[in-house]
Amino acid sequence: ADALAFAAQYGYPVVLKEEDSIAGMGVAICKNEAELQAAVLRSRRSPEILGVGLLAQTFIEGRTAMRVVVADRGRVLGGLSAIKLETWPASTGPSTCVEVIDQPEMEATAAALVSAMGYSGFASLDFMLDGSGRAHLIELNPRPTPISHLGERFGACLCRHLHAALTGQTTTASVPRGLPSRVALFPQEWV
């Protein structure tokens, strides 16, 4: 009933997401009432899913993007942004190929959210980039994600930033260089 009420208020498509989903698995894009009801029924078959909850979101047409950061007490030390180019096993699945980009709106959003939370550690923020390139925040994952290690390739190693903050030393890491750049993720793209 809650999902149908959400759809009535915001319209279709509706994105229905299992709370403990990962890399797009557990996400259903429902184009109509029948697809929404089917997605809820699939989730109802697993009591642990309903125990944690389902989240309904409005659908934003666009490209999935992410910003991975490392932070110390609410201050972003370094970060890297990318767009999903290829996924597997489905369009909502994990990235297999990304394009590392410069996206100031994603960078500013990540900095504002990290500051407001007083966040420390690694995090990845997921976005949808609409047709005009505007970034719409989807979620924050409080952990390193598969692109976290790529900063080293672009002169912006997140681990170097964190090490310098924890030890009080200066860092050789800077802002990412050589963008945009496409990167195949191993072994996902090989599979």
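Residues numbered from 1 in each chain as written. Predicted model: local features only at pLDDT ≥ 70, side-chain atom pairs only at ≥ 80, totals over all residues. Heavy atoms only, no water.

Concerning the pairing of strand E5 (residues 75-87)
Here's step 1: As paired elements, strand E4 (residues 63-72) and E5 share 8 bridges and run antiparallel to each other. Considered in E5, the bridge of Val-70 is made with Gly-78.
Here's step 2: With 6 bridges connecting them, E5 and strand E6 (residues 95-101) associate as antiparallel partners. The residue bridging Ile-83 from the neighbouring strand is Glu-99, located in E6. (Pairing = 2+ DSSP bridges. Helix = DSSP H or I, 4+ residues; strand = E, 2+ residues; numbered from the N terminus.)

Looking at the sheet that holds strand E9 (residues 181-184)
Strands belonging to one sheet form pairs held by backbone hydrogen bonds; the direction of such a pair is parallel or antiparallel.
Here's step 1: Taken in spatial order, the 6 strands of this open sheet run E8-E7-E4-E5-E6-E9, and their pairing is antiparallel. The strands lining the two open edges of the sheet, one partner per strand, are strand E8 (135-141) and E9. Averaged over all neighbouring strand pairs, the angle between strand axes comes to 30°, with direction disregarded.
Here's step 2: Here strand E7 (residues 121-129) runs beside E8; their pairing, made up of 6 bridges, is antiparallel. Among the inter-strand pairings, Ser-124 is bridged to a residue of E8, identified as Asn-141.
Here's step 3: Sheet contacts for helix H4 (residues 104-117): E4, E5, E7 and E8; angle to E4, the most-contacted strand, approximately 45°. (Axes fitted to C-alpha atoms, helices over the stretch in contact; angles between N-to-C directions. Contact = heavy atoms within 4.5 Å.)

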